[in-house]
Amino acid sequence: MKYTFFWIFISGIFLQSYGQEYVTNWYNDDSGLPQNSVKNIAKDDDGFIWFATESGLVRYNGQNFKTYSKIEGLDNQRMEYFFRDKDTLFVRTSKNEILYIKNLNPHLYSSYQDEKRTNFDEISDISFIEKKYKSNQETNLVYHQFEERDEKIASTKTDFFLLDKNEEVIKSFKTDTFKDFRASYISDNNWYIVTKKEVLKFDFENLDFNKVYAPDSLDVQKTYYNQAHEQVFIVDQNKIYKVHNEQDNFYLLQLHNKIDIKDKFITCMFYDEEYPSLYTGSWALGLGISKRNKFTTIQVKKDRYKNLVYAFYPTTSDTIYTPTGVVIHDKEIIQENSIEHRDLIKQFFPRDQDGYFYAANGRDIFKLKLDSKSLSFSEKKFIKFKNDIGALYITDKNELYFSSKTFGNNSNTYLFKTQDLNKKQTNLDTVLKFNHQILFIKESLEKDNLWLGTDNGVYVYDKSTQDVSQIKGTQNTRVRSINEKENYVWFASYDNGFSHYNKQNDQLTQFPFDQQSRLRTVHHVIEDDFNQVWMPTNKGLFKANKEQLFEYANNKTGQVNYYVFDRKDGLVTNEFNGGCYPCNYKDKYGNVYLPSLNGLVTFNPKAFSNYYKENEKVYLDEIIIDGKSYPPTENFSIPRNFKTLEVRVDALSFNKLPFINFTSPLAPNLSEYSSVTEGKLIFTTLPYGIHQLNFSLGSNEKDIQTILTLEVERDWYETNWFRFIVFLFVALFVFVNIKLILIREEKRSNQLKRIINEKTKQLQSTIQDLRSSQDHFKTQLESQKKIVASISHDIKSPLQYLAYGIQFLDENLKKKNLDNEVYENIDAPSSSVDKLQEFTQNILDFSKAMIQSDAKSTEKINVRTLVEEKAGLFEQMCKAKKINLEIISKQEVNFVINKNLFAVILHNILDNAIKNTYNGFVKIKLQKIGKQLLLKITDSGAGMNQETLERYRKIFDEKNQILNVSGSGLGLYIVSETARLMEAEIEIESKKGFGTSFFMKLK
């Protein structure tokens, strides 16, 4: 569609535009503009909006402004207007300098010819049209041409002339012929005249104008023309329209229903059809951006308290009821006071199968019955409770579940249930006692579980088993709502945002916040019919693509691009409400309803479905090296000694928050050198070489990659020549050092050889001496064995004969009647001989063990067999003394041990036990535990007093290496020394009159 536009300036009044169906946001020098005079508006091929101002050129990405106020090569930074030549967007300054816009940046266009310039002063009252045919300054004629016609139009302040191809006048018209003339423009080879009351179209056959648009209500105040995009705007009774001519069909598209151009001093307009928005520039008040309000906020006008909306219940007829008494139908409030009770808790408002509503107030639950004719509720107290009421929920079986609240240090909360509410009388059951506050209750899709949202995560209550289990990963999360689907569940929370729970693999995914962390608190998660997911928060309404969310949940990588809507988009408040039930609703027309701090918000998601565009990409903006800006190129050289390198990128941000992904395939660890914030990639150091930077709006392979290659120059010490010289120097240094080391090592080697020879001779001599000593020791050992055997025979034989003599003498004397003193004197030698025999035997046994055995020499034996052998030696003595000797152990107790040394210890302890016991028992307990052997010998003999016990214990104390054994018992001393050789531990326990226990532990 092509326009050529020209009009006679009519002094008039400029009005601001605003209406309930539209929302307008104004921006000025406090909002990012360099100053408040916007003279022209255009859009480049990448989708960015540009503004011509008195203080430079401004680029807008949908969220932020960037000003170019010091463009190199320009004499003047005062921008005037945009125009297009072929596919290039140009801008002209007040000094007729021309810039072209490419790759997000303006560039000086020095070759543009002056004959195409147009001076506003010479056609002061006629709007500029760049596609003029020619201009005659003497007659003040401006010529306009058609694209596919031979005719031309020439105009002055007072006349229009229709010319043929030879520029002969076919017909002329006085501008005052058209009453209340507003403008004239050419579109699609047609000539139109706009007046206050009608739009006329020229008939080239009849050479006259015909009406094409003349409604009775038409009252054109002013017209605007956008040269760069050939858009014509008409302001009619404070309404703004865009002119459309399609196949000779003339119509006006309304863009705003109320604009006050008088106070805003509007100078220019532009309509963005891709992201439907009307841009209006003012020469004094900045920039206005208007769009149709896609949100409707339903509010009570008088009782503002009722606009605080939490729970609301929708019926099948799309009638909505709230616990504050407001009734809504078809987005209109039809009743404001249906409930007299003003203090009902707003968070929960369930309804049972009989149509009764339930709401709480403190410790009471009320049952409300609706009168459908009067739309009013009658209420009665249903349950009076001892604690404050928390969450309410009614299941499909008509069971009412509710929780109690906790306060202060009381951490116990309860979940209660009533039986079928259809029954006249219903009992109250305690379902469970809980140590976390229950904030939200919802029945599972399978009806066999309850979802419980608490101040410490999400729990599942199994109705059949009455078990409660927590969803892993939700700890320390204050849950706002739960939305279950067939295979997954959405969780919304305070502080931890929103998450996705996969029921099939029990995996929980926490989604990332936006950069400002506004998604930290999410009230609900709602899916629509257009593959979108909505998240109301305290800082606006967020939206994300469901496929992107699922991909993030499955792979735990990549980013999520969020869209956000707030007061700039028509919301009355940015703060939504949650933690309630029912809390969101989608009607039969697809409209979604959400509660907010100031009314019930409704919108149709279909109106937002065009925001996700697969062809969007990241744009390279500029490269700043140590404070100096450079236009980016795909291959950019960087000096080696830079201090700060800043790569700036941009992306379209119309209602969305683009998350720019950065990767470097040539150097995956490049993130060590950089930090990314708000479209800025900052490096403080980079190694020399080539670095490829990839930018995208996601992490999928299908996402468009914007590639920037940086080549960091080598420093002098990083050149190949420097490396070669360093290599030679290092090689020479290494060679010299190796040579010196070899010489030194050769000297050391010769010296070591001499030392080794000397030491070898000494060692050989020492070995010879040791062998001689060993032979001598063997000889002495054999001699000692013979001496011990001789002593054993020489001592034991006389003692044996002496014992037999005393026994013979005792037996014969007892036959005679002698004095008792005689018998006592005979018994004394007998007792002394017995002790001497025992003493001699102990010495001999110990000496043999020391001589014949190596303490370190061990063998694996069945210790039980050795114990049985030793016990057999004392069998006759036990019978004589009426002692029950018992061995307690398994049949096989195999252990690696020095058999001779163990036998010495066993014999002495067993002998001591039997000697001090009469008419009692001696128990030998043997046990192997792991790598330890435990021996315990317990008797029921006379026992010892504490003093004697302590004296004996000192014998087994390792610290007492030298003791006077007189009176302490030579047998126990032998046991102690033998135990030290075997590295055994021995303990002794005894009590006077209760026997004695010996414990030995071998490792």
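The name an unreviewed UniProt entry assigns to the protein chain is histidine kinase, from the organism Psychroflexus planctonicus. Recorded in UniProt under Catalytic activity (unreviewed entry), the annotation for the protein chain is "ATP + protein L-histidine = ADP + protein N-phospho-L-histidine."

Draft legend 1. Layout of the packing of helix α5 (residues 863–873) against helix α7 (residues 899–915). Two elements in contact, α5 and α7, have axes whose closest approach is 10 Å; the angle formed by their N-to-C orientations is 40 degrees. Viewed along their axes, α5 and α7 adopt a mutual orientation that is oblique. Along this stretch, α5 crosses α7, giving a crossing that reads as right-handed. Taken together, the residues of α7 that come into contact with α5 (itself represented by Val-863, Leu-866, Val-867, Lys-870, Ala-871 and Leu-873) are Lys-899, Phe-902, Ala-903, Leu-906, His-907 and Leu-910. Grouping the amino acids of the contact of α5 with α7 by side-chain chemistry returns nine nonpolar, one polar and two charged.

Draft legend 2. Structural view of unusual backbone geometry. Following Tyr-581, the chain continues to Pro-582 via a peptide bond in cis, the omega torsion being -10 degrees. With respect to the helices and strands, Pro-582 occurs in the loop between β52 (562–565) and β53 (585–586). Even without being a glycine, Leu-207 presents a positive backbone phi close to 50 degrees. By secondary structure assignment, the location of Leu-207 is in the loop between β19 (199–203) and β20 (208–213). Take Leu-207: its relative accessible area is 26%, and that puts it in the partly exposed class.

Draft legend 3. Structural view of the environment of Asp-621. Position of Asp-621 among the secondary structure elements: in strand β56 (residues 619–625). Residues Asp-621 and Asn-103 lie 518 residues apart in sequence; the distance between their C-alpha atoms is 7.4 Å. Beyond its immediate stretch of four places on either side in the chain, Asp-621 contacts Arg-59, Lys-66, Tyr-68, Asn-105, Pro-632, Arg-648 and Val-649. Side-chain polar atoms of Asp-621 contact the side chain of Arg-59, separated by 2.8 Å.

Draft legend 4. Molecular detail of the sheet that holds strand β22 (residues 231–236). Across the sheet, four strands lie side by side as β21-β22-β23-β24; this open sheet has antiparallel pairing. Only two strands of the sheet have a single partner each, and these edge strands are β21 (220–226) and β24 (249–256). If you compare each strand with its neighbour and ignore which way they point, the axes differ by 30 degrees on average. Note that β21 and β22 share six bridges and pair antiparallel. Bridged to Lys-222 within β22 is Val-235.

Draft legend 5. Summary view of the pairing of strand β27 (residues 277–282). Most of β27 sits inside the fold, with six of its six residues counted as buried. The alternating pattern of β27 places Ser-277, Tyr-279 and Gly-281 and Leu-278, Thr-280 and Ser-282 on opposite faces, both of which are buried. Alignment of strand β26 (residues 266–272) against β27, held across six bridges, turns out to be antiparallel. The residue of β27 that forms the bridge with Met-269 is Thr-280. Turn length for the β26-β27 hairpin, with the two strands adjacent in sequence and antiparallel, is four residues. Pairing analysis gives five bridges linking β27 to strand β28 (residues 286–292), with the strands arranged antiparallel. Counted as the bridge partner of Ser-282 is Gly-286 from β28. Hairpin connection, β27 to β28: the antiparallel pair is bridged by three residues.

Draft legend 6. The nonpolar core, seen in detail. Counting residues in each nonpolar core, the largest one holds 40 residues, and the members touching the most others are Phe-902, Ile-937 and Leu-1002. With nine residues, α7 is the single largest residue contributor to this core. Excluding residues within four positions of it along the chain, Phe-902 makes contact with Val-863, Leu-866, Ile-897, Leu-935, Met-982, Met-1000 and Leu-1002. Residues Val-38, Ile-71, Leu-74 and Phe-270 belong to the second largest nonpolar core, which totals 34 residues.

Draft legend 7. Inspection of the state of the cysteines at higher detail. Applying the stated criterion to the full structure yields one disulfide. Here Cys-580 engages in a disulfide with Cys-583; their sulfurs sit 1.8 Å apart. For the pair shown, Cys-580 and Cys-583 are each scored as buried.

Draft legend 8. Main features of the pattern of salt bridges. Considering all chains together, one arrives at 36 salt bridges under this definition. As a salt-bridge pair, Glu-527 and Lys-546 come within 3.1 Å of each other at their nearest N and O atoms. Remark: Lys-546 occurs in helix α2 (residues 546–555) and Glu-527 occurs in strand β49 (residues 526–527); sequence separation between them is 19 residues. Its relative accessible area of 12% is what places Glu-527 among the buried residues. The buried category is assigned to Lys-546, whose relative accessible area is 17%. We note a salt bridge from Glu-950 to Arg-953, for which the minimum N-O separation is 3.3 Å. With Glu-950 and Arg-953 both in helix α8 (residues 946–955) and three residues apart, this pair spans about one turn of that helix. On the basis of relative accessibility, which here comes to 27%, the residue Arg-953 falls in the partly exposed class. Shared partners join several salt bridges into a network, and the residues in it are Arg-59, Lys-66, Asp-621, Glu-622, Glu-646, Arg-648 and Asp-650.

Draft legend 9. Examining empty space enclosed by the protein more closely. The full count for this structure, using the stated rule, is four cavities of 30 Å³ or more. The volume enclosed by the second largest cavity comes to roughly 90 Å³. Lys-306, Val-309, Thr-322, Thr-324 and Val-326 are, among the 18 residues lining the second largest cavity, the residues nearest its centre. For the lining of the second largest cavity, the class distribution of residues is eleven nonpolar, five polar and two charged.

Draft legend 10. A look at the pairing of strand β39 (residues 413–418). Within β39, five of the six residues are buried, leaving the element largely enclosed by the surrounding structure. Of the pairings in the sheet, the one linking β39 to strand β40 (residues 428–434) comprises six bridges and is antiparallel in character. What sits directly across from Lys-417, in β40, is Asp-429.

Criteria and cut-off values
Residues numbered from 1 in each chain as written. Predicted model: local features only at pLDDT ≥ 70, side-chain atom pairs only at ≥ 80, totals over all residues. Heavy atoms only, no water. UniProt positions renumbered as here; feature names shortened; annotations may be inferred. Axes fitted to C-alpha atoms, helices over the stretch in contact; angles between N-to-C directions. Helix = DSSP H or I, 4+ residues; strand = E, 2+ residues; numbered from the N terminus. Parallel < 35°, antiparallel > 145°, perpendicular 65-115°, else oblique. Left-handed = near helix turned anticlockwise from the far one by under 90°. Contact = heavy atoms within 4.5 Å. Nonpolar A, V, L, I, M, F, W, Y, C, P; charged D, E, K, R; others polar. Buried < 20%, exposed > 50% of the residue type's maximum accessible area, 1.4 Å probe, protein only. Polar contact = N/O pair within 3.5 Å; in protein donor to acceptor, adjacent residues only side chain to side chain. Pairing = 2+ DSSP bridges. Core = buried A, V, L, I, M, F, W, Y, C linked by side-chain atoms within 4.5 Å. Disulfide = S-S within 2.5 Å. Salt bridge = Lys/Arg side-chain N within 4 Å of Asp/Glu carboxyl O. 1 Å grid on protein atoms, 1.4 Å probe; cavity = no way out; pocket = protein on both sides within 12 Å on 5 of 7 lines; lining within 4 Å. Points joined across faces, edges and corners; volume = space filled by probe spheres on them.

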